[in-house]
Amino acid sequence: AEAMSLAEQRQWRPAVERMSEALRIHRTLPGGTAELKNIKERAYQYYLARAQEELAGGDLDGAEAEAQSALSYLDTGREAKSLVQNVTNRRQATSLIANGRTLLAQGEPEEALRTFEKAQAMYPSHAELPALLAQARQAACDRWIAQGRQAMDAGQYPSALRLFQKSRNLLKDYGGA
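The rules behind these values
- Residues numbered from 1 in each chain as written.
- Predicted model: local features only at pLDDT ≥ 70, side-chain atom pairs only at ≥ 80, totals over all residues.
- Heavy atoms only, no water.
- Phe/Tyr/Trp six-rings, centres within 6.5 Å; stacked < 30°, edge-to-face > 60°.
- Helix = DSSP H or I, 4+ residues; strand = E, 2+ residues; numbered from the N terminus.
- Buried < 20%, exposed > 50% of the residue type's maximum accessible area, 1.4 Å probe, protein only.
- Axes fitted to C-alpha atoms, helices over the stretch in contact; angles between N-to-C directions.
- Parallel < 35°, antiparallel > 145°, perpendicular 65-115°, else oblique.
- Left-handed = near helix turned anticlockwise from the far one by under 90°.
- Contact = heavy atoms within 4.5 Å.
- Nonpolar A, V, L, I, M, F, W, Y, C, P; charged D, E, K, R; others polar.
- Expected span 1.5 Å × (residues − 1).
- Arc of directions from axis to C-beta.

## Here's the deal with the packing of aromatic side chains
- Using the criterion set out here, one finds 3 aromatic pairs in the structure.
- Relative to Tyr-46, the ring of Trp-12 has its centre 5.8 Å away and its plane inclined at 50°; by these criteria the two rings are tilted. Linking Trp-12 in helix H2 (residues 12–25) with Tyr-46 in helix H3 (residues 32–56), this pair joins segments that are 34 residues apart in sequence.
- Overall, Trp-12 belongs to the buried group, its relative accessible area being 4%.
- For the ring pair Tyr-47 and Tyr-73, a centre distance of 5.8 Å and an interplane angle of 5° mean the geometry is stacked. With a gap of 26 residues between them, Tyr-47 in helix H3 and Tyr-73 in helix H4 (residues 60–73) connect regions that are remote in the sequence.
- With relative accessibility at 7%, the residue Tyr-73 sits in the buried group.
- In textbook terms, an aromatic cluster arises when at least three aromatic residues are bridged by ring pairs, as seen for Trp-12, Tyr-46, Tyr-47 and Tyr-73.

## Description of the environment of Arg-78
- Along the polypeptide, Arg-78 turns up in helix H5 (residues 78–105).
- On the basis of relative accessible area, Arg-78 is assigned to the exposed category, the value being 71%.

## As for the packing of H5 against helix H7 (residues 129–153)
- Contact geometry for H5 and H7: axes closest at 11 Å, N-to-C directions at 30°. For the element pair H5 / H7, the angle class is roughly parallel. Between H5 and H7 the crossing geometry is left-handed. From H5, Ile-97, Arg-101 and Leu-104 reach across to H7, where they touch Leu-129, Leu-132, Gln-135, Ala-136 and Ala-139.

## Digging into the packing of H3 against H5
- Running from amino to carboxyl end, H3 crosses H5 at an angle of 25°, the nearest separation of the two axes being 10 Å. In terms of their interaxial angle, H3 and H5 are classed as roughly parallel. Handedness of the H3/H5 crossing: left-handed. From H3, Tyr-44, Leu-48, Ala-51, Gln-52 and Leu-55 reach across to H5, where they touch Arg-78, Glu-79, Ala-80, Leu-83, Asn-86, Val-87 and Arg-90.
- Tallied by class, residues from the contact of H3 with H5 come to 7 nonpolar, 2 polar and 3 charged.

## Describing helix H6 (residues 109–122)
- Taking 1.5 Å of rise per residue, 14 residues should cover 20 Å, and H6 covers 20 Å from first to last C-alpha, within 8% of that figure.
- Inspection of H6 places Pro-109, Ala-112, Leu-113, Thr-115, Phe-116 and Ala-119 among the buried residues, and these make up the whole buried set. Take H6 and look down its axis: the buried residues cluster within an arc of 165°, on one side only. The outward face of H6, more than 90 degrees from its buried face, is lined by the exposed residues Lys-118 and Ala-121.
- Next to the buried residues of H6 lie H5, H7 and helix H8 (157–170).

## What about H3?
- Over its 25 residues, H3 extends 36 Å from the first C-alpha to the last, a length consistent with the 36 Å expected when each residue adds 1.5 Å.
- Of the surrounding elements, those touching the buried residues of H3 are helix H1 (2–8), H2, H4 and H5.
- Gly-58 sits one or two residues past H3 and shows a positive phi near 85°.

This is the structure in structure tokens:
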């Protein structure tokens, strides 16, 4: 009864400890194992909901901490594990986006584009990615078109055609290629 009262007050750790202690003392406690499982499941759901709220609010550290708390009650919890992976992906994507910006600023649009595409695979809903991807695609096409024009001026028509096609394949009807 004490464990259930603690659970009602969302004092999950003491509730689990009390129920576990009662089960150690009274191994045949009627319904005890089911009650312990119920308390752990409720604690898991409580911390999972908090983790989801933190993630929705953009607090990655808070979301990860709450998801880890949820997992301490139910270590097989797929939702919490997925949320932890989501946090990891968002962190990695954020780092990739910063690297992509640097590459773009250094005049490396193709590498920036690959970096932004990796970030998009990890964090597809990142608000800035569509614009960054478009910027990198345009910069890559600008480079290929300029190289294609140089190749044409040098009489290297097959090379020029490949560069223009590469640009057209990336961004159809961009830059007159």
